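Here's the letter readout for the chains.
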Amino acid sequence: QVQLVESGGGLVQAGGSLRLSCAASGRTLSRISMGWFRQAPGKEREFVASLSWSDGRLNYADSVKGRFTISRVNTKNTAYLQMNSLKPEDTAVYYCAARYDWIPKYDYWGQGTQVSVSS
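No experiment lies behind these values; they were computed from the predicted model shown.

Parameters at a glance
- Residues numbered from 1 in each chain as written.
- Predicted model: local features only at pLDDT ≥ 70, side-chain atom pairs only at ≥ 80, totals over all residues.
- Heavy atoms only, no water.
- Helix = DSSP H or I, 4+ residues; strand = E, 2+ residues; numbered from the N terminus.
- Rg over C-alpha atoms; globule rule 2.2 N^0.38 Å.
- Buried < 20%, exposed > 50% of the residue type's maximum accessible area, 1.4 Å probe, protein only.
- Areas by Shrake-Rupley, 256 points an atom, 1.4 Å probe, with all protein chains shown as cover.
- Lys, Arg positive; Asp, Glu negative; His and termini not counted.
- Charge placed at Lys NZ, Arg CZ, Asp CG, Glu CD.
- Salt bridge = Lys/Arg side-chain N within 4 Å of Asp/Glu carboxyl O.
- Core = buried A, V, L, I, M, F, W, Y, C linked by side-chain atoms within 4.5 Å.
- Contact = heavy atoms within 4.5 Å.
- Pairing = 2+ DSSP bridges.
- Axes fitted to C-alpha atoms, helices over the stretch in contact; angles between N-to-C directions.

1. Describing the overall build of the protein chain
Right, on to step 1. In terms of helices and strands, the protein chain carries zero helices and 11 strands.
Right, on to step 2. Starting at the N terminus, the α and β elements of the protein chain follow one another as β-β-β-β-β-β-β-β-β-β-β.
Right, on to step 3. Since a compact globule built from 119 residues should have a radius of gyration of about 14 Å, the 14 Å found for the protein chain is in line with a globular shape.
Right, on to step 4. Residues classed as buried in the protein chain amount to 44% of the 119 residues present.
Right, on to step 5. Summed over all atoms, the accessible surface of the protein chain reaches about 6,400 Å², with 48% contributed by carbon and sulfur.
Right, on to step 6. Distance between charge centres in the protein chain, computed from 14 positive and 9 negative side chains, equals 5 Å.

See the structure below:
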């Protein structure tokens, strides 16, 4: 089992920045790949970014490329999502997710943190 706790959400003006954190804990955290997703009101949850444990490969949704950066510090069992040049359309609940590297589906989810961007 893996437990995930997000933090760092809040209200920011358009053009501003926020950094989300995702602290992971559990029996074993080796070979864990991390991802960030978001869900805006009335919309489906969508992929934002991911970081593979095995090869460090990064993936980003087109809507956030060049503005968001996913990273992790293994010694702290923590993943981050640095969000720059925020837009009102980035407003959503952001979720951290984890999966063992050999399983394509994300099995572990945090509780979510609200990000609101005002125009």
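2. Things to note about the pattern of salt bridges
Right, on to step 1. Counted according to the given criterion, the structure contains five salt bridges.
Right, on to step 2. Here D90 ties to R38 by a salt bridge, and the two come within 2.9 Å at their closest N and O atoms. Note that D90 is positioned in the loop between strand 8 (78–83) and strand 9 (92–100) and R38 in strand 4 (residues 32–39), a separation of 52 residues in sequence.
Right, on to step 3. In this structure, the salt-bridge partner of R67 is D90, at a minimum N-O distance of 2.7 Å. In this pair, R67 is assigned in the loop between strand 6 (58–60) and strand 7 (68–73) and D90 in the loop between strand 8 and strand 9, connecting sequence segments 23 residues apart.

3. A look at the nonpolar core
Right, on to step 1. Membership of the largest hydrophobic core comes to 30 residues, with the highest contact counts inside it found for L4, L81, M83 and Y94.
Right, on to step 2. Contributions of two or more residues to this core are made by strand 1 (2–7), strand 3 (18–26), strand 4, strand 5 (46–51), strand 7, strand 8, strand 9 and strand 11 (113–118).
Right, on to step 3. With five residues, the top contributor of residues to this core is strand 9.
Right, on to step 4. Excluding anything up to four places from it in sequence, L81 contacts L18, R19, L20, W36, V48, A49, F68, T69, I70 and Y94.

4. Quick look at the sheet that holds strand 1
Right, on to step 1. Taken in spatial order, the four strands line up as 1-3-8-7 in an open sheet, and their pairing is antiparallel. Both outer strands of the open sheet, strand 1 and strand 7, are each paired with one neighbouring strand and no more. Strand-to-strand twist across the sheet, computed as the mean angle between neighbouring axes with direction ignored, equals 20 degrees.
Right, on to step 2. Bridging between strand 7 and strand 8 involves six bridges; their strand directions are antiparallel. Looking across to strand 8, one finds that S71 is bridged to Y80.

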